[in-house]
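# Architecture at a glance
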Amino acid sequence: MNEKVVITVSRQYGCGGRELATKLAEKLNIKLYDRQIIHIAAAKLGINDLSESDLLELENQVQPLSLSFIPFHSFGSHMGNSSRGLFLAETSVVRKLAQDGSCVILGRCADYVLEKDPNHFSVFVCADDAYREKRGTETYNGKSLKELDAENEKRAGYYQYYTGRKWGVGSNYDLVVNTSKISLDKIVDGIIEYINAIQR
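These figures come from a predicted structure and were not determined experimentally.

## Let's talk about the overall build of the protein chain
Helices and strands together make up the secondary structure of the protein chain, namely eight helices and five strands. Residues classed as buried in the protein chain amount to 47% of the 200 residues present. A sequence separation of at least 24 residues applies to 73% of the contacts in the protein chain between residues at least 6 apart. When the accessible surface of the protein chain is totalled, it reaches about 10400 Å², and 49% of it is carbon and sulfur.

## Description of the nonpolar core
Membership of the largest hydrophobic core comes to 23 residues, with the highest contact counts inside it found for Ile7, Leu20, Val104, Val177 and Ile191. Sorting the residues of this core by element identifies β1 (6-11), α1 (17-28), β3 (103-106), β4 (120-126), β5 (175-178) and α8 (184-199) as the ones contributing at least two each. With six residues, the single largest contributor to this core is α8. Dropping the residues within four chain positions of it, Val177 is found in contact with Leu20, Val123, Phe124, Val125, Cys126, Ile187 and Ile191. Formed by eleven residues, the second largest nonpolar core is a distinct cluster that contains Tyr33, Leu97, Ile105 and Val113.

## Considering unusual backbone geometry
Non-glycine residue Cys109 carries a positive phi angle of around 55 degrees. Its location among the elements puts Cys109 in the loop between β3 and α5 (110-113).

## Some remarks on the side chain of Asn172
Relative to the elements of secondary structure, Asn172 occurs in the loop between α7 (145-163) and β5. A distance of 3.0 Å separates a polar side-chain atom of Asn172 from the backbone oxygen of Lys166. Excluding residues that lie within four positions of it along the chain, Asn172 makes contacts with Asp111, Ser122, Tyr159, Arg165 and Lys166.

## Some words on the packing of α1 against α8
Packing of α1 against α8 brings their axes to within 9 Å, and their N-to-C directions diverge by 55 degrees. Regarding the angle of α1 to α8, the classification is oblique. Here α1 and α8 pass one another in a crossing that is right-handed. Within the contact between the two elements, α1 uses Glu19, Leu20, Lys23, Leu24, Lys27 and Leu28 and α8 uses Leu184, Asp185, Ile187, Val188, Asp189, Ile191 and Ile192. Of the residues that constitute the contact of α1 with α8, the class distribution is eight nonpolar, no polar and five charged.

## Points about the environment of Gly17
Mapped onto the elements, Gly17 comes out in helix α1. Sequence separation between Gly17 and Cys126 is 109 residues, and the spatial gap between their C-alpha atoms is 7.7 Å. Discounting residues that sit within four places of it in the chain, Gly17 has contacts with Val9, Arg11, Leu106 and Val125.

## A closer look at the sheet that holds strand β2 (residues 31-33)
Read across the open sheet, the five strands follow the order β2-β3-β1-β4-β5; overall the sheet is parallel. A strand with exactly one partner marks an edge of an open sheet, and here the two such strands are β2 and β5. Pairs of neighbouring strands in the sheet enclose a mean axial angle of 20 degrees, with direction left out of account.

Reading the values: rules and limits
Residues numbered from 1 in each chain as written. Predicted model: local features only at pLDDT ≥ 70, side-chain atom pairs only at ≥ 80, totals over all residues. Heavy atoms only, no water. Helix = DSSP H or I, 4+ residues; strand = E, 2+ residues; numbered from the N terminus. Buried < 20%, exposed > 50% of the residue type's maximum accessible area, 1.4 Å probe, protein only. Contact = heavy atoms within 4.5 Å. Areas by Shrake-Rupley, 256 points an atom, 1.4 Å probe, with all protein chains shown as cover. Core = buried A, V, L, I, M, F, W, Y, C linked by side-chain atoms within 4.5 Å. Polar contact = N/O pair within 3.5 Å; in protein donor to acceptor, adjacent residues only side chain to side chain. Axes fitted to C-alpha atoms, helices over the stretch in contact; angles between N-to-C directions. Parallel < 35°, antiparallel > 145°, perpendicular 65-115°, else oblique. Left-handed = near helix turned anticlockwise from the far one by under 90°. Nonpolar A, V, L, I, M, F, W, Y, C, P; charged D, E, K, R; others polar. Pairing = 2+ DSSP bridges.

Shown next, in the form of structure tokens:
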């Protein structure tokens, strides 16, 4: 693998995407960035008195889509200034982290933000419903598949609002992996092998 690589990981809720991103960062011995991006972005905006749940709520204040919907990347104005400002600050943070060195970035529309970066590889992580339902029960405090799907709808709305693209569509990513088919360790090895093949 080349000296520098930035891997963005987007994922369905309940598929083990966070664990996969962690394993990927550990195997490559590079940094993993996730929720701390929100805090760095908030600090840039001078928002220092909100909890992580408050920041996530602020970040996810996406208005319902309508027939007159204009995505934010086209400078639509359907969102409040706080949410818009937080997204712009996050975008700035993501770009800076990518410039600083090799890393794995989880979520934050980073696949879109970094799509023109030549050292960037994007991965979308999914799983079949039975696998996600089992993980919902065992790993996510008994969440039902319906609850997991509701979170995915939020992610899809957020992603579409800011990028104008449909979340989870394979053509938007370099690689799509299904965690219900094979172990996370083998998927990590496969991702690294894929990146090595592209970089040769």
